[in-house]
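What follows is each chain in one-letter form.
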Amino acid sequence: MISIHHSQGIYLHIPFCKKACTYCNYHFSTSRRGQEELVVAMGKELDLRRSEIASAPIATIYFGGGTPSILSQEQIDYLLGKIFEHGRVIPEVEITLEANPDDLTPSAIERLVNSRINRLSIGVQSFLDDDLSYMGRAHNGQQAIQALQDVSAAGMENFSIDLIFGSPTTSHDAWTKNLQLALESQAKHISAYALTIEPKTTLAHQIEKGNSPMPSEERAAEQYFRMCDFFVGAGFEHYEISSFAQPGFRSRHNSNYWSGRPYMGIGPSAHGFDGQLERRWNIASNLQYVRAISELKKYTDYLDSKNLYESEKLRPSDRYNESIMTGLRETAGIDISVIASRFGEHFSTYFLHQMSDHLETGRLRYTNGRYSLAPSARFLADGIAADGFWLD
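Residues numbered from 1 in each chain as written. Predicted model: local features only at pLDDT ≥ 70, side-chain atom pairs only at ≥ 80, totals over all residues. Heavy atoms only, no water.

S.K.: Which residues make up the layout of surface pockets, and what values do they have?
M.R.: Taken as a whole, the second largest pocket encloses approximately 160 Å³ of empty space. What lines the second largest pocket is a set of 13 residues, and nearest its centre among them are Ser-69, Leu-71, Asp-103, Ala-108 and Arg-111. Of all the elements in the fold, those that place two or more residues in the lining of the second largest pocket are helix H3 (73–86) and helix H4 (106–113). Among the elements that take part in the lining of the second largest pocket, H4 stands out by supplying 3 residues, more than any other. (1 Å grid on protein atoms, 1.4 Å probe; cavity = no way out; pocket = protein on both sides within 12 Å on 5 of 7 lines; lining within 4 Å. Points joined across faces, edges and corners; volume = space filled by probe spheres on them. Helix = DSSP H or I, 4+ residues; strand = E, 2+ residues; numbered from the N terminus.)

S.K.: Can you break down the nonpolar core residue by residue, with the values?
M.R.: As a rule of thumb, soluble globular proteins bury nonpolar side chains together. Formed by 84 residues in total, the largest nonpolar core has its most connected members in Leu-12, Phe-63, Ile-117, Leu-120 and Ile-161. Here this core gets 6 residues from one element, more than from any other, and that element is helix H1 (residues 35–48). Leaving out residues up to four positions away in the same chain, Leu-12 has contacts with Met-42, Leu-46, Ile-61, Tyr-62, Phe-63, Gly-64, Leu-79, Ile-83 and Ile-266. Among the nonpolar cores identified, the runner-up in size contains 9 residues, and Cys-21, Tyr-23, Leu-203 and Ile-207 belong to it. (Core = buried A, V, L, I, M, F, W, Y, C linked by side-chain atoms within 4.5 Å. Buried < 20%, exposed > 50% of the residue type's maximum accessible area, 1.4 Å probe, protein only. Contact = heavy atoms within 4.5 Å.)

S.K.: So what about the pattern of salt bridges? Which residues, and what values?
M.R.: Inspection of the entire model under this criterion finds 17 salt bridges. Residue Glu-52 is joined to Arg-280 by a salt bridge in which the shortest nitrogen-to-oxygen separation is 3.5 Å. Taken together, the residues span a long stretch of sequence, with Glu-52 in helix H2 (residues 50–53) and Arg-280 in strand E11 (residues 278–282) at a distance of 228 residues. Glu-52 sits in the buried class, given a relative accessible area of 3%. Given a relative accessible area of 4%, Arg-280 falls into the buried group. One salt-bridge network, in which partners are shared between bridges, spans Glu-45, Arg-49, Glu-52, Glu-278, Arg-280 and Lys-313. (Salt bridge = Lys/Arg side-chain N within 4 Å of Asp/Glu carboxyl O.)

S.K.: Quick one: what's the story with the sheet that holds strand E13 (residues 334–335), residue by residue and with numbers?
M.R.: The strand order E13-E15-E14 describes an open sheet built from 3 strands, whose pairing is antiparallel. Each edge of the open sheet is held by one strand with a lone partner, namely E13 and strand E14 (364–367). Pairing of E13 with strand E15 (residues 370–373), which is carried by 2 bridges, proceeds in the antiparallel orientation. Bridged to Ile-334 within E15 is Tyr-371. (Pairing = 2+ DSSP bridges.)

Following this line, the structure appears as structure tokens:
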């Protein structure tokens, strides 16, 4: 049984999209057939796991996907109602809904503002039509601008926007325009990611066939550093490799992921972590998920289910490696004394040995007991972290 300490988060995976983005490798379906049945099944999963929900205060709730804004307000309220019924939701809970600009009509925004949702994560990706067409997005640039204006005017102050850099369609001048429009949107939070080629995606297939150029790592790096200078200069905190926030508006849900706090995963393909030893992930099939849920009657059935989820027990080395990966992504860096207390002195000694070259070159810096990446090395975070991994 998962043991959860202190506060926890809940992630709900909504696996429906109007259109398949060329770069996306998340679990989703462009057919909305069975949407109501799946939402009901997610409600039943919340019922079955009520003891886990009740085991610790709930600090964050996150609707991810897929495209959660594709749900009706009644479906959103149904799932939130289950969580509030079974759990101890803290008064200052952060409840985020991922949304696409084309779903954010004035009437939809009004319903969200009057609901329990208090934060939006809006999948803009770009304000430029060439970029959006290349990525296979369902909205255009003007829809993105209008949606953000409408969200702000409706009084939803806490909203984030996603951007993608490094696309072959994004010149440096175009990227600068994207940054300026993002700033003008009054978004309190920005998440920005390099365009990556994931296996078995439409974009990977297009590149393999020679119908699309490979994204340039040099272009991505240049645009990344331009973005860092731009948003920091505009007063944003660069608190994680890909994340910028106005003071007081960091993503609490994502921050809990990076700090190893527990969270439950609800819905097909959703992942969860007990904060200590166990990771769990549901089957990545809408139909099989609904079928598996329908066969369960009580919590012990859920725990014994071989059709609904898989799990793994993390070794100390696994937990150490994850701490190094996430710790170096955060601007605050790694507290070496925490590594020693959580995993043992041999792990902290090993980390210092493995990082010696990066310390000598200045890519890694030591300040007040913490090791963090120099700003110029942040684009290399994953590779530097891998150098510190414990290899069994």
